[in-house]
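Descriptive structure summary
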Amino acid sequence: EVLPKPIDLVKGELKNIAAAERWKKEISGTKVTIQGIEVTVDTNRGDRDIFVQKFLLMGENDIVTWKFPETWLNLTKSELGQIVNAGAVHVQQSFEWEATLVNQIEFSTTLEELDAIVIVEPETRPEFPNFPLGE
């Protein structure tokens, strides 16, 4: 006999999945156009710290040479600030995405409502169509 899991257990499991997916989104990187060139910016925590640290240490007229996957650029403090800001926006959007899911999970009152919540987009989900609710 298959019995449904307790709803609070399922909520906890779904919140853990949402947190893991947010982490993937957070560190997935973002694109920024600088000097007319779209470059990929790493958004893992270590690389974000390096961007911020360099920005804080730069003088207003300093230029820093930075290597991106696409190209090397000589950046002004203002351009490096744009990169720092884009990374911060990307990270904030990741956390807002997770917060929205956590609210959906919290306000769900049935296992069916929880089963309908999409955390992993269909093209990246494993073969099983729904999160298993029974054991």
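All values reported here derive from a predicted model rather than from experimental measurement. (Residues numbered from 1 in each chain as written. Predicted model: local features only at pLDDT ≥ 70, side-chain atom pairs only at ≥ 80, totals over all residues. Heavy atoms only, no water.)

Details of the nonpolar core
- V41, F51, W66, F68, L75, L80 and I83 are the most contacted members of the largest nonpolar core, which has 14 residues in total.
- Contributing elements (two or more residues each) for this core: strand 1 (30–34), strand 2 (37–41), strand 3 (63–67), strand 4 (72–76) and helix 3 (77–107).
- Top contributing element to this core by residue count: helix 3, with 3 residues.
- Not counting the four nearest positions on each side in its chain, F68 is found in contact with V39, T40, V41, F51, L73, L75 and I83.
- V10, L101, I117 and V120 belong to the second largest nonpolar core, which has 10 residues in total. (Core = buried A, V, L, I, M, F, W, Y, C linked by side-chain atoms within 4.5 Å. Buried < 20%, exposed > 50% of the residue type's maximum accessible area, 1.4 Å probe, protein only. Helix = DSSP H or I, 4+ residues; strand = E, 2+ residues; numbered from the N terminus. Contact = heavy atoms within 4.5 Å.)

Side note on the packing of helix 2 (residues 45–57) against helix 3
- Where helix 2 contacts helix 3, the two axes come as close as 9 Å, and the packing angle between them is 145°. Considering how the two elements wind past one another, helix 2 and helix 3 form a crossing that is left-handed. In contact with R45, R48, F51, V52, K54, F55 and L56 of helix 2, helix 3 contributes K77, L80, G81, I83, V84, V91 and F95.
- Split by residue class, the contact of helix 2 with helix 3 holds 9 nonpolar, 1 polar and 4 charged. (Axes fitted to C-alpha atoms, helices over the stretch in contact; angles between N-to-C directions. Left-handed = near helix turned anticlockwise from the far one by under 90°. Nonpolar A, V, L, I, M, F, W, Y, C, P; charged D, E, K, R; others polar.)

Keep in mind that these numbers describe shape and distance, not what the molecule does.
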